[in-house]
Amino acid sequence: MVKGMESVDLIVHSAKQMVTVAGKGPRVGAEMATLGIVVDGALAISGERIVGVGSSSEILRRYRADEYISAAGRVVTPGFVDAHTHLVFAGDRANEFEMRVGGATYLDIMRAGGGIMSTVRATREASLETLVEQSLERLDRMILHGTTTAEVKTGYGLTTEDEIRILAAISVLDAAHAIDLVPTFLGAHAVPEEYADRADAYVDLVVNEMLPQVLAIAGEEADPDVEIRRPVFCDVFCDEGAFDLTQTRRILEAAKAAGLGLKVHADEFANLGAASLAAELGATSADHLVHTSAQDMAAMARAGVIGVLLPGTSFGLGHHDFAAARALIAAGVPISLGTDLNPGTCWCESMPFMMALACRYIGMTPAEALVASTINAACAVGLGDTVGSLEPGKLADVVIHEIPDYRYLAYRFGTNPVCAVIKRGELVVSAR
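Every value quoted in this text rests on a predicted model; they were computed, and no experiment measured them.

*Asks:* So, a negative patch on the surface: which residues are in play, and what are the values?
*Replies:* On the surface, a cluster of negative charge is made up of Asp 9, Asp 66, Glu 67 and Glu 426. Among the secondary structure elements, Glu 67 is positioned in strand E4 (residues 63–70). Exposure remark for Glu 67: the relative accessible area of 38% places this residue in the partly exposed category.

Printed below as a string of structure tokens:
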């Protein structure tokens, strides 16, 4: 070893563009276009962490590694963070897709007993082993498309036992797969059939029975064998056909008092005031935001609530209404992206495709879409200090793309640009 050189485990070098997105997050306004590109970039990794980032000449001069990976003139980015998924489910809803393209609306299908409740019935019937096995296949497709961290919601059980079983599945998946998973309790995803016309009684169940059970496996006194060690959030679907603002407030206030982070499905089909409620309660994010008002946007900006936009859902539903990203960014709302991976409205595991949609349908630039898929998405799942950028101290979650310029991530679509993925310092996906 040359005197003065530091020994590390891995060096990735010769990136045409190393997109670091370094700095404090979440990015807001004009900051969302700042990428921190290092031309002919490199990074040094020791264990699970990045220890150095700079030009290839600088890094190769400062460090000696046990292993070297040449990016060979490709683009290197942080691993993608998928800020909104419903990963754990059983069954499919291909029949509903056929109904939808034939003219049925999402709410029409829900009223006919389909939609979320169709997946609830299938998920309740599936074993834990089946849920894990099927979800692992989806995680494999996600990491092949560059996702290294993802939020995962419950919400297809809607009984205390089944919701806890889905949380258990998330815990097993987190331990079994390279992707780091952030759990969100979404017991208030829909009013189950057995509580038809008794939505308030179901809210009682969520608040008085489900939440305490969630805390039992997520809190300080949790069983160490099943304890969930990452941030745990509580989410509510506040919209037409789901939960009203009063019911949403009750659940979120109870979750906040219990120490859980807050999220809310807001304004997907109608504006019930959920985005402003998210701001009032200090939620980490409000998601969907298709029908969010200027007043709601201002409230979110003042409170620092991150807007998680899901263009794949509008696309999947064949809708022409998409979230107004330009208005949200102008209002000062930090924006992130997610797939909304689910069997009904957006069965898609690809964050690059979400970036392509974001640029075409919600007015984002390629740089903004990349920030929204990395550092801002990391902040939306409570891990902004750990992942989402390439800088010393962060986890070494790195993606090498078979493209010459970062803009190709949104410019091209229908193909997978990823040729290698490093997760926590380990090469987990390789074209070799």
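Moving on, there is more to tell.
*Asks:* So what's going on with the environment of Ala 278? Residues and values would help.
*Replies:* For Ala 278, the location among the structural elements is in helix H9 (residues 274–281). When its relative accessible area of 1% is taken as the criterion, Ala 278 is described as buried. Linking Ala 278 and Ile 306, residues 28 residues apart in sequence, is a C-alpha distance of 9.8 Å. Discounting residues that sit within four places of it in the chain, Ala 278 has contacts with Val 264, Ala 283, Ala 286 and Val 305.

*Asks:* Any chance you could break down the sheet that holds strand E6 (residues 80–82) for me, citing the residues and the numbers?
*Replies:* Adjacent strands of a sheet form backbone hydrogen bonds with each other and so pair up, either parallel or antiparallel. Spatially, E6-E7-E8-E9-E10-E11-E12-E13 is the arrangement adopted by the eight strands of the open sheet, whose pairing is parallel. The sheet is open, and its two borders are formed by E6 and strand E13 (335–337), each paired with just one other strand. Strand-to-strand twist across the sheet, computed as the mean angle between neighbouring axes with direction ignored, equals 25°. Here strand E9 (residues 233–238) runs beside strand E10 (residues 261–266); their pairing, made up of four bridges, is parallel. Following the sheet pairing, Cys 238 is matched in E10 by Ala 266. Seen against the sheet, helix H7 (residues 199–218) touches strand E8 (180–188) and E9 and runs at an angle of roughly 150° to E8.

*Asks:* A description of helix H10 (residues 294–303) should follow, citing residues and the corresponding values.
*Replies:* Every buried residue of H10 is listed here: Asp 296, Met 297, Ala 299 and Met 300. Here the buried residues of H10 occupy an arc of 160° about the axis, which is enough to place them on one side. Those residues of H10 that are exposed and angled more than 90 degrees off the buried face are Ala 294, Gln 295 and Arg 302. Those residues of H10 that are buried are in contact with H9, strand E11 (285–288), strand E12 (306–309) and helix H12 (325–330). Downstream of H10 by one or two residues, Gly 304 has phi in the positive range, about 75°.

*Asks:* Just give me the short version of the pattern of salt bridges, but keep the residues and values in it.
*Replies:* For the structure on display, the rule yields 20 salt bridges. Between Lys 153 and Glu 151 there is a salt bridge whose closest N-O contact spans 2.5 Å. The buried category is assigned to Lys 153, whose relative accessible area is 0%. Overall, Glu 151 belongs to the buried group, its relative accessible area being 0%. Among the ionic pairs, Lys 423 bridges to Asp 180, the shortest N-O distance being 2.9 Å. Of this pair, Lys 423 sits in strand E15 (residues 418–423) while Asp 180 sits in strand E8, and the two are 243 residues apart along the sequence. Since its relative accessible area comes to 5%, Asp 180 is described here as buried. One continuous salt-bridge network, built from bridges that share partners, spans Glu 48, Asp 180, Asp 397, Lys 423 and Arg 424.

*Asks:* Before we move on, could you go through the nonpolar core and cite the residues and values that matter?
*Replies:* By size, the foremost hydrophobic cluster in this structure holds 108 residues, and its most contacted members are Val 88, Leu 309, Leu 337 and Met 364. The greatest single-element share of this core, amounting to 10 residues, is contributed by H7. Listed in part, the 18 residues of the second largest apolar core include Met 18, Val 38, Ala 71 and Ala 396.

*Asks:* Go over the packing of helix H6 (residues 160–176) against H7, please, and point to the residues and values.
*Replies:* Where H6 contacts H7, the axes come no closer than 10 Å and their chain directions differ by 30°. Taken as axis vectors, H6 and H7 run roughly parallel relative to one another. Where H6 crosses over H7, the handedness of that crossing is right-handed. Contact residues: Thr 160, Glu 163, Ile 164 and Leu 167 in H6; Leu 205, Glu 209, Met 210, Gln 213, Val 214 and Ile 217 in H7. Its residues placed into classes, the contact of H6 with H7 shows six nonpolar, two polar and two charged.

Cut-offs used in this document
- Residues numbered from 1 in each chain as written.
- Predicted model: local features only at pLDDT ≥ 70, side-chain atom pairs only at ≥ 80, totals over all residues.
- Heavy atoms only, no water.
- Patch = residues over 30% accessible without salt bridge, like charges linked within 9 Å, V, L, I, M, F, W, Y side chains within 5 Å.
- Areas by Shrake-Rupley, 256 points an atom, 1.4 Å probe, with all protein chains shown as cover.
- Salt bridge = Lys/Arg side-chain N within 4 Å of Asp/Glu carboxyl O.
- Lys, Arg positive; Asp, Glu negative; His and termini not counted.
- Charge placed at Lys NZ, Arg CZ, Asp CG, Glu CD.
- Helix = DSSP H or I, 4+ residues; strand = E, 2+ residues; numbered from the N terminus.
- Buried < 20%, exposed > 50% of the residue type's maximum accessible area, 1.4 Å probe, protein only.
- Contact = heavy atoms within 4.5 Å.
- Pairing = 2+ DSSP bridges.
- Axes fitted to C-alpha atoms, helices over the stretch in contact; angles between N-to-C directions.
- Arc of directions from axis to C-beta.
- Core = buried A, V, L, I, M, F, W, Y, C linked by side-chain atoms within 4.5 Å.
- Parallel < 35°, antiparallel > 145°, perpendicular 65-115°, else oblique.
- Left-handed = near helix turned anticlockwise from the far one by under 90°.
- Nonpolar A, V, L, I, M, F, W, Y, C, P; charged D, E, K, R; others polar.

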